[in-house]
Amino acid sequence: MSDRPLAFDDIQGDILGGFNTDVQILLGFGATEDTGRAAAFAWLAALAPDITSVADVRLNRTAMKTHETCAGATPIWLAVALSKALLGFAVPDVLILDQAFHDGMIDGAASSLGDRSNPDEWVAGAPSRPIDILLKVAGNDPGAVTARAEALLDDALSRGLTLTYRERGDRLPGDIEHFGFRDHISQPEVLGDGTAGGHAPGRFLFGYPRDPGGRPPALTVDPHGVTDNGSLLVFRRLVQDVQAFRRFTAERAASLQAAWPGLTADHLAALIVGRWPSGAPLAAGQRADPRATDPDDSFDFFGDDDGMVCPFGAHIRKVNPRKGSSDVVEVPRMLRRGIPFGPLFDENPTVERGLLFLAYQASITGTFLFVSSRWMNSGKSPGKGDDLLVGRPFDDRAMLIHGPNGPIELRSGGLQWIRPTGGVYLFAPGIAGLKKLCAITGSPASIATSDRCDAEVAAFL
Ligand code: HEM
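Treat the numbers as computed from the prediction; the structure is a model and nothing was measured.

Draft legend 1. Region of the structure containing the packing of helix α7 (residues 242–255) against helix α8 (residues 265–273). Axis separation between α7 and α8 bottoms out at 8 Å; the angle between their running directions is 110°. The angle between the axes of α7 and α8 places the two elements in the roughly perpendicular class. Relative to α8, the crossing made by α7 is right-handed. Here F245, F248, T249, A250, R252 and A253 of α7 come into contact with α8, specifically with A265, L268, A269 and I272. Of the residues belonging to the contact of α7 with α8, the class tally is 8 nonpolar, 1 polar and 1 charged.

Draft legend 2. Fine view of the domain arrangement of the protein chain. Considered domain by domain, the protein chain is made up of domain 1 (23–230 + 428–451) and domain 2 (242–332 + 367–416). A C-alpha centroid distance of 32 Å is found between domain 1 and domain 2. Taken together, both faces of the contact between domain 1 and domain 2 bury some 1600 Å²; the carbon and sulfur share is 65%. Summed over the shared surface of domain 1 and domain 2, the result is 2 salt bridges. Across the salt bridge formed by E330 and R203, the nearest N and O atoms sit 2.4 Å from each other. A per-class count over the side of domain 1 that touches domain 2 returns 5 nonpolar, 6 polar and 4 charged.

Draft legend 3. Structural view of the packing of aromatic side chains. Per the counting criterion, the structure on display carries 12 aromatic pairs. Each ring, one from F41 and one from F89, has its centre 6.3 Å from the other, and the planes form 15°; the classification is stacked. Separated by 48 residues along the polypeptide, F41 in helix α1 (residues 34–47) and F89 in helix α3 (residues 84–90) bring together distant segments of the chain. Taking the relative accessible area as the measure of exposure, F41 reaches 2% and is therefore buried. Judged by its relative accessible area of 2%, F89 falls in the buried class. Aromatic side chains Y165 and F235 sit 5.6 Å apart centroid to centroid with 45° between the ring planes, which places their arrangement in the tilted category.

Draft legend 4. A look at the packing of α1 against helix α11 (residues 431–440). Remark: α1 packs on α11, axes separated minimally by 9 Å, with the N-to-C direction vectors making an angle of 140°. On the basis of the axis angle, α1 is oblique to α11. For the element pair α1 and α11, the recorded crossing hand is left-handed. Of the residues in α11, those in contact with F41, L44 and A45 of α1 are L434, L437 and C438. Per-class residue counts for the contact of α1 with α11 are 6 nonpolar, no polar and no charged.

Draft legend 5. Molecular detail of the pattern of salt bridges. Overall, the coordinates contain 25 salt bridges when judged by the stated rule. The salt bridge partner of R210 is E330, with a shortest N-O separation of 3.4 Å. Placement of the pair is R210 in the loop between β5 (162–170) and β6 (220–221) and E330 in the loop between α9 (315–319) and β8 (335–336), with a sequence separation of 120 residues. Judged by its relative accessible area of 31%, R210 falls in the partly exposed class. Among the charged side chains, a network of salt bridges with common partners joins E167, R237, E352 and R419.

Draft legend 6. Main features of the nonpolar core. Core analysis: the largest hydrophobic core is formed by 98 residues, its most contacted members being L44, I133, L135, V137 and Y425. Structurally, this core is a two-domain feature, drawing no fewer than three residues from each of domain 1 (23–230 + 428–451) and domain 2 (242–332 + 367–416). Counting residues in hydrophobic clusters, the runner-up holds 34 residues, among them A81, L134, Y208 and L335.

Draft legend 7. Structural context of the environment of T293. Along the chain, the position of T293 falls in the loop between α8 and α9. Sequence-wise, T293 and A280 are 13 residues apart; in three dimensions their C-alpha atoms are separated by 8.4 Å.

Draft legend 8. Molecular detail of the pairing of strand β2 (residues 77–82). Counting buried positions along β2 gives 6 out of 6 residues, so the element sits mostly inside the fold. Of the two faces of β2, the one carrying W77, A79 and A81 and the one carrying L78, V80 and L82 are both buried. As defined by bridge partners, β2 adjoins strand β4 (residues 133–139) across 6 bridges and the pair is classed as antiparallel. Residue L78 lies in a different strand from β4, and its bridge partner there is V137.

Draft legend 9. The site of the ligand, seen in detail. By nearness alone, 28 residues border the ligand, and I185, S186, H315, R322 and R336 come closest of all. S186 is positioned with one of its side-chain polar atoms (N or O) 2.5 Å from an oxygen atom of the ligand. Breaking the shell around the ligand down by element, the ones donating at least two residues are β7 (231–240), α9, β10 (354–361) and α10 (368–376). Among the elements that make up the shell around the ligand, the one with the highest residue count is α10 (4 residues). Split into classes, the residues belonging to the shell around the ligand amount to 15 nonpolar, 6 polar and 7 charged. Looking at the shell around the ligand, you find at least three residues from each of domain 1 (23–230 + 428–451) and domain 2 (242–332 + 367–416).

Draft legend 10. The arrangement of the side chain of T227 in detail. Tracing the backbone shows T227 in the loop between β6 and β7. Assessed through its relative accessible area of 3%, T227 is described here as buried. A distance of 2.6 Å separates a polar atom in the side chain of T227 from a polar atom in the side chain of D222. Non-local contacts of T227, meaning those with residues more than four positions away in its chain, are made with V94, I96, F206, T220, D222 and F427.

The rules we used
- Residues numbered from 1 in each chain as written.
- Predicted model: local features only at pLDDT ≥ 70, side-chain atom pairs only at ≥ 80, totals over all residues.
- Heavy atoms only, no water.
- Axes fitted to C-alpha atoms, helices over the stretch in contact; angles between N-to-C directions.
- Helix = DSSP H or I, 4+ residues; strand = E, 2+ residues; numbered from the N terminus.
- Parallel < 35°, antiparallel > 145°, perpendicular 65-115°, else oblique.
- Left-handed = near helix turned anticlockwise from the far one by under 90°.
- Contact = heavy atoms within 4.5 Å.
- Nonpolar A, V, L, I, M, F, W, Y, C, P; charged D, E, K, R; others polar.
- Domains from an automatic or database assignment.
- Buried area = accessible area lost by both parts, 1.4 Å probe.
- Salt bridge = Lys/Arg side-chain N within 4 Å of Asp/Glu carboxyl O.
- Phe/Tyr/Trp six-rings, centres within 6.5 Å; stacked < 30°, edge-to-face > 60°.
- Buried < 20%, exposed > 50% of the residue type's maximum accessible area, 1.4 Å probe, protein only.
- Core = buried A, V, L, I, M, F, W, Y, C linked by side-chain atoms within 4.5 Å.
- Pairing = 2+ DSSP bridges.
- Near = heavy atom within 4 Å.
- Polar contact = N/O pair within 3.5 Å; in protein donor to acceptor, adjacent residues only side chain to side chain.

In structure tokens form, the structure reads like this:
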């Protein structure tokens, strides 16, 4: 069976390829009452034609880089995602068969994500300030992005929506995250998106096969066709304590001099991440960053079966064990589209900073949640050792690193440098799906049956 081609003019541009712009403003809106939800869809109906498709991104990528379209204006790209409650309001007979999406992030934060923060204090997605719509306004010209976000906000507020979250993300020099490491290097290739190989699109999008030549899996029950070309979005707001991470690596590197003479704080940090700050993969015998300008992502862990080069506990090996002789049968992959927020620590150490972690996939339960709970937060799998960078066990975490004189156990001492401060699981529709949702909304039948959703999902899952 030949697979259906990807609908580039319908799939949102942030999902495939990604916006990758310098500035991204996130606007979160709440719509808890039926009147608010109806207002939300009226606003979305006006917005839908402006949502950026993959085709738009491809057409305007150069203009985005040079800051100009043929009309002379700098392009701005928009992406949107909706809550389960909002989807259920419009189409109560549509079900997304994903336990995590169904339960919501608040429900599983403590049990599945090891997140001990109090949701009432979340900056994003707190129960009193829910995010039913998340809008991403993206571009390279900060003034133009801000002006567009302001205009969209004014329009939304004038239509009765409530702003529940607002934050600006900025690409840092060299595409680094706040600990100083180049981020977003490793992304799964999607079959049909300019590559002959890669993962079948059904891993990331509804309506496509999960394996080449296969049938699209039944991830939704959707009599209206509103989920086609859609995806599920995970948003986590993660605060990074740069000072704590730097202090830890400096102090531990100093205390390990007897076991590993000459070990530097930067080298230790690289062993915790699994790459050098430039993004270069770790290799045997290195003592410093080779400063790759174009970081390699084609490596695997064959030949490093003991974790001698890249520790099993290194962040990148916990979340993607790649190929090696102790192969994991299948590595769930997600399309990471996050961006840092807050200024560099050295520019302004006093304010909050971190990562607006955003990732698309067709199954949150089978992807983000699996990778987080079964691997990143586990000291046992896929390899032995804790992820000291992001992993959530709160007690002492430990990983093995291999110095010139043998293995060394690196312990966190119960310290953490990532603090979750909220988030949400959302549905990112295809553009046609979004328009259909807006058209359907308002029909009295859909409002009358909106309570059915929970019971029916429970029966399916
Ligand atoms: C503030 C928190 C985080 C920081 C500082 C961070 C940092 C990094 C860095 C520096 C890389 C290597 C660059 C790259 O390969 O793209 C990376 C890779 C990755 N991270 Fe994180 N990360 C964070 C949170 C998370 C979370 C919550 C997840 C979700 C499970 C995650 C999943 C991944 C994945 C899947 C990769 C790619 C690994 C690979 O394919 O080699 N990260 N991260």
